[in-house]
Every structure is written in C-alpha cells, then in structure tokens.
Amino acid sequence: MLILASKSPRRIELLKSLGFTFEIIPSQSPEKTAYKRPGHKVRDLAVKKAFDVGKKYPGATVIGADTLVFCKGRVIGKPKDEKDALRILRLLNGAWQSVYTGVCILNLDAKKMLYGVEVSKCKARLLPQEELKKMASKHLDKAGAYAVQDKDDHFIEKIVGSRTNVVGFPVEFFERLYKEFTVL
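Residues numbered from 1 in each chain as written. Predicted model: local features only at pLDDT ≥ 70, side-chain atom pairs only at ≥ 80, totals over all residues. Heavy atoms only, no water.

J.: What am I meant to see in the nonpolar core here?
T.: Counting 42 residues, the largest nonpolar core has Ile63, Leu92, Tyr146, Phe155 and Phe169 as its most contacted members. For this core, the element with the highest residue contribution is helix H3 (residues 82-92), accounting for six residues. Among the nonpolar cores identified, the runner-up in size contains eleven residues, and Ala5, Ala50, Val53 and Val62 belong to it. (Core = buried A, V, L, I, M, F, W, Y, C linked by side-chain atoms within 4.5 Å. Buried < 20%, exposed > 50% of the residue type's maximum accessible area, 1.4 Å probe, protein only. Helix = DSSP H or I, 4+ residues; strand = E, 2+ residues; numbered from the N terminus.)

Okay, structure coming up:
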C-alpha cells in the first residue's frame, strides 16, 4: 500500500498525474522543527510527517512532503490570515525567491527510507499595492500566499528549476527518489 501523508490538493493531483494509486492519510505531526536553514526545515518536516503516518501503517510505503518559500533571508510558510498574506506578498513583490520542498519515502517494516530536498528559484512580478490587496485573500493555504498553478495568478513571472516544485510537489525529483527507493 502507498500512502500520501498530506491532504494538499496540489500534491494529490500531481501524484495522481504520475499514475500512482494511493491512500490519502494526512499527518497529524505539528509543523515544528528546530532547524533554521530552509533545506533542513523542509527535510525534517517531511521525515516527521512520513514517520507520523508510517508508525500507524508500518507495512505501507509512506510519502511525506513539506514546502516553504525563502526570500530576503526569511523563511515564509502559509499565511495566518489575509493581513499576513498581504505582508508576505509585499515582501515577495518583484523579488527573487527560492522554493524548497522536502520529500521523504519510507516503509518501516522494510526498514527503508529515502529523503531529499528540491530547490527552485522564481521571480515575482512587481505589482501595484491594489493588486496585492486583491491577491491577499486568494491563497491562504499556500506557502508564499500565491499559486503558480492558478491561471488567474500572474504573480510569478519566471521559474528556474522545477515548476511542480513551486506548486508544492517536485514530480521529477520524486520519480527519481521513488525509483531508487524501489531498488533498495
């Protein structure tokens, strides 16, 4: 059995697009880590999420993932509310940022685990404050408060690296990791 330890609609859609059949059992692990560096944070949280679900289903192969945005020396997660989303969008406005996603695949019964981090860079358009205010209520459930997969969201003008990583699940990276996991 394959389990995705996330209820993220984007992760579900991207994993389905690869042809996988899987159960959706979201992790209840708190999104807290002692790590400060973005790559370490997402890796640690992805591992914690996979372990949280894996302990309940030790015979299953579990996929955990975590995504964050890093800009101007700051780690940016999901906004708390509309006011916080506006603060985030103002910070990102016109700036280059890095999107980090940690992915962990584990099977506790088989004593197998692989994990890693994918990083993409993207540049936000410089938008007027009125447009940022309109955007602030749209994507409260997404790191960075924007959505490149939303056809009406034109905030990001350039992506260097994996586009699916910016969406929240780096499919190319996951496929390589999963292929390696199956031969361990």
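From this point, the discussion proceeds with the structure in view.
J.: It is not clear to me how the packing of aromatic side chains should be interpreted in this structure. Could you clarify?
T.: For any pair of aromatic rings, the description rests on two quantities: the centre-to-centre distance and the angle between the ring planes. This model, assessed by the stated rule, comprises six aromatic pairs. Centre to centre, the rings of phenylalanine 70 and tyrosine 100 are 6.4 Å apart; their planes meet at 90°, and the pair counts as edge-to-face. A residue pair is termed long-range when its members are at least 10 positions apart, and phenylalanine 70 in strand S3 (residues 61-71) and tyrosine 100 in strand S5 (residues 96-107) qualify at 30 residues. The exposure class assigned to phenylalanine 70 is partly exposed, which follows from its relative accessible area of 25%. Tyrosine 100 gets classed as buried once you look at its relative accessible area, which sits at 16%. Between tyrosine 146 and phenylalanine 155 the ring centres are 5.7 Å apart and the planes differ by 50°, which places this aromatic pair in the tilted class. Pair check on accessibility: tyrosine 146 and phenylalanine 155 agree, each one buried. Aromatic rings pair up to connect Phe20, Phe169, Phe174 and Tyr178 into one cluster. (Phe/Tyr/Trp six-rings, centres within 6.5 Å; stacked < 30°, edge-to-face > 60°.)

J.: Explain unusual backbone geometry here, please?
T.: Backbone geometry places lysine 72, a non-glycine residue, at a positive phi of 50°. Inspection of the secondary structure assignment puts lysine 72 in the loop between S3 and strand S4 (74-76). Relative accessible area serves as the criterion here: at 55%, lysine 72 is assigned to the exposed category. Positive phi values are uncommon outside glycine, yet lysine 111 reaches one of about 55°.

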